[in-house]
Amino acid sequence: MSNQQEEQDLQKFLRDVDEITNLIQGLNSTDPAVQEKAIADTEKRLSSVTEREEKECRHRVDRTLINTRPSAKDLPDQEGLTNPERFMAAVEKDAKERARRRAKNEALANALKEQGNDAFSKGDYAGAVQKYTEGLKKQKDMPALYTNRAQAYIKLQEYEKAVLDCEWALRCDEKDLKAFFHMGRAYLALKQYSKSRECYLKILEMDPDKEKLCKDCMNEVDLEEKRQCEEEKATKAFESGRSRAVSVTQLLQKLSRPNEDALFYVGGIQLLTDAIQDCTEQTLFRTNNGFSIINDNEVIRRALHPELKSAAEVELSLSLIPLWRAVCRGNEENQRLLLTHPYVNTQLPSLLLSEVSEIQEQCLALLSLYAQTEHGRSLLVRHLDLTKWLQTLVSFVNVFDGRASLAMDLLTNLTMEEKFKIQCRIKLSTGVLPLFAQLLAVDCSWVWADSSL
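Let me sum up the structure you'll find in this document. All of these numbers come straight from a predicted model, not from anything done at the bench.

### Remarks on the overall build of the chain
- The helix and strand inventory of the chain stands at 23 helices and 0 strands.
- The 453 residues of the chain split such that 37% are buried.
- For the chain, contacts bridging at least 24 residues in sequence account for 64% of all contacts bridging at least 6.
- Within the structure as shown, the chain displays about 26600 Å² of accessible surface, and the carbon and sulfur contribution to it stands at 52%.

Printed below as a string of structure tokens:
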């Protein structure tokens, strides 16, 4: 059945419900004129239904013998058509039967919805769509079936169908927040950014308590729109032959060669870092698979291990972290890609425990770059278990070089994140407060030493 036909059927169903409700209210009216009009309208409606059924029967092959002389008992009860009480009883009986059928269909639809939810939770999105569709055949005006199917369509990247299902849900319930939420996600995937924002603003208008959710969603829309604009601009720069843009792509091609000497990669990475001066080069690094070329190279990955075996590996590690900083400075999408890269995510904490103080300092500088912005702090808290780092970071405050100020700035900025403070409460009481006390004791000894001079 086409979507247009489904919509027509639903609208007809809703009109029928409204019409029958009005008839029942008229029959129950104490005004004789209103009651008489309701009876006439009801008889007219019943006659039209009978005529439609007879018309449909003409198109069927029916070999039933028709009785041309019906008995009196086969004739309609004329008194029932004219007596308001008997007619009302008939209407109420019909309404109860309809309610019974609706309750049965609703139970079947709910059961199919649960089956669809189970399929969705297992990653069987096509199976979920099938169950939700079967449920809608039982009950067409259940918003949850439309929004759940929209969510499954989004997983299947069928975004137009998801939008359509959300529209159907809103026809059933114009205040369905889930419908606006999934519609916003579908419009984002379709790169219709204004429509996506409108959905989240509508949610905020109806439920101000969803302010944080809407803010996060609209930030995601802004970042995606910004990413698209950056990539279009970078493509134009490369196609126009801009020197640094061309250099980035050429250097990445050379660095993609596997199993070269560590110093070969050191030189290439340093040249690449110098070439990345603004957002255009950062974007070309991303669109030319820079993260995979660099971070998936076995020789380079060994440089991320805390137990470095050679001076060349130390040099490679010291060249790699400044590249990451150059690529991620002010670029939210690159920050996300670096921090969610599986190997980087697991090895980055170990760099803080490196035996080389310069590597520790470079790592702290990279983390401090993230912590300078709300988006960067959110990424750190979301993707890294910072509670495991807390004691290490505090220990750096006691050193007498650049690591101390970097660690202090990092901790100061992270305390602006409520989630970070919550995560660290237990750690603060069990592991870090004793270290703070030790640091204070050291600071006090220095004060007494200075005052005695």
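Read on, since the account is not over.
### Structural notes on unusual backbone geometry
- Here the phi dihedral of Gln157 falls at roughly 60 degrees; this positive angle occurs in a residue that is not glycine.
- Take Gln157: it is sitting in the loop between α6 (143–155) and α7 (159–172).

### Section: the packing of helix α5 (residues 125–138) against α6
- At a minimum axis distance of 9 Å, the contact between α5 and α6 shows a crossing angle of 155 degrees. The orientation of α5 with respect to α6, classified from their angle, is roughly antiparallel. Considering only the axes of α5 and α6, their crossing is left-handed. Of the residues in α6, those in contact with Tyr125, Ala128, Val129, Tyr132, Thr133, Gly135 and Leu136 of α5 are Leu145, Tyr146, Asn148, Arg149, Ala152, Tyr153 and Lys155.

### As for the pattern of salt bridges
- The full count for this structure, using the stated rule, is 23 salt bridges.
- Notably, a salt bridge pairs Glu224 with Lys191, separated by 3.9 Å at the nearest N-O pair. Taken as a pair, Glu224 in helix α10 (residues 211–239) and Lys191 in the loop between α8 (177–189) and α9 (193–206) lie far apart in primary sequence, 33 residues in all.
- With a shortest N-O distance of 3.0 Å, Lys212 and Asp216 are connected by a salt bridge. Taken together, the positions of Lys212 and Asp216, both in helix α10 and 4 residues apart, correspond to about one turn of that helix.
- Taking the relative accessible area as the measure of exposure, Asp216 reaches 39% and is therefore partly exposed.

### Points about the packing of α10 against helix α13 (residues 279–287)
- With their axes 9 Å apart at the nearest point, α10 and α13 run at an angle of 95 degrees to one another. It follows that α10 is roughly perpendicular to α13 by the angle criterion. Across from Arg227, Glu230, Glu231, Lys233, Ala234, Ala237 and Phe238 in α10, the residues of α13 making contact are Cys279, Thr280, Thr283, Leu284, Arg286 and Thr287.
- Among the residues making up the contact of α10 with α13, the classes are represented as 5 nonpolar, 3 polar and 5 charged.

### Things to note about α10
- Taking 1.5 Å as the rise per residue, α10 with 29 residues should run 42 Å; its terminal C-alpha atoms sit 42 Å apart, in good agreement.
- When we look at burial in α10, the residues that qualify are Cys214, Cys217, Met218, Val221, Arg227, Glu230, Ala234 and Ala237.
- In this structure, the buried residues of α10 make contact with α8, α9, α11 (243–255), α13 and α17 (332–340).
- Backbone geometry just after α10 places Gly241 at a positive phi near 85 degrees.

### Here we look at the nonpolar core
- Ranked by size, the top nonpolar core spans 66 residues in total, and within it Trp324 and Leu348 carry the most contacts.
- In this structure Leu348 touches Trp324, Leu339, Cys363, Leu366, Leu367, Leu384 and Trp389, once residues within four positions along its chain are discounted.
- Counting residues in hydrophobic clusters, the runner-up holds 35 residues, among them Trp168, Ala179, Met183 and Val221.

### Here's the deal with the packing of aromatic side chains
- Per the counting criterion, the structure on display carries 5 aromatic pairs.
- With centroids separated by 5.1 Å and ring planes inclined at 65 degrees, the aromatic side chains of Phe120 and Tyr125 adopt a geometry described as edge-to-face.
- You can call Phe120 buried: its relative accessible area is 17%.
- On the basis of an interplanar angle of 85 degrees and a centroid distance of 5.1 Å, the ring pair of Phe285 and Phe291 is categorised as edge-to-face.
- Phe285 gets classed as buried once you look at its relative accessible area, which sits at 1%.
- Note on Phe291: relative accessible area 8%, which makes it buried.

### Regarding the environment of Arg197
- Structurally, Arg197 is set in helix α9.
- With 21 residues separating them in the primary sequence, Arg197 and Met218 have C-alpha atoms 6.0 Å apart.
- Residues contacting Arg197, with those up to four places away along its chain left out, are Met218, Val221, Asp222 and Glu225.
- Within polar-contact distance, the side chain of Arg197 engages the side chain of Asp222 at 2.9 Å.

### Brief notes about the environment of Leu170
- Looking at the secondary structure, you find Leu170 in helix α7.
- A relative accessible area of 16% means that Leu170 is categorised as buried.
- Counting along the chain gives 24 residues from Leu170 to Tyr146, while the straight-line C-alpha distance between them is 9.2 Å.
- Those residues in contact with Leu170 that lie beyond four places of it in its chain are Asp176, Ala179, Phe180 and Met183.

Here is what the cut-offs are and how they apply
- Residues numbered from 1 in each chain as written.
- Predicted model: local features only at pLDDT ≥ 70, side-chain atom pairs only at ≥ 80, totals over all residues.
- Heavy atoms only, no water.
- Helix = DSSP H or I, 4+ residues; strand = E, 2+ residues; numbered from the N terminus.
- Buried < 20%, exposed > 50% of the residue type's maximum accessible area, 1.4 Å probe, protein only.
- Contact = heavy atoms within 4.5 Å.
- Areas by Shrake-Rupley, 256 points an atom, 1.4 Å probe, with all protein chains shown as cover.
- Axes fitted to C-alpha atoms, helices over the stretch in contact; angles between N-to-C directions.
- Parallel < 35°, antiparallel > 145°, perpendicular 65-115°, else oblique.
- Left-handed = near helix turned anticlockwise from the far one by under 90°.
- Salt bridge = Lys/Arg side-chain N within 4 Å of Asp/Glu carboxyl O.
- Nonpolar A, V, L, I, M, F, W, Y, C, P; charged D, E, K, R; others polar.
- Expected span 1.5 Å × (residues − 1).
- Core = buried A, V, L, I, M, F, W, Y, C linked by side-chain atoms within 4.5 Å.
- Phe/Tyr/Trp six-rings, centres within 6.5 Å; stacked < 30°, edge-to-face > 60°.
- Polar contact = N/O pair within 3.5 Å; in protein donor to acceptor, adjacent residues only side chain to side chain.

Without other data, these values stay purely geometric and don't point to any function.
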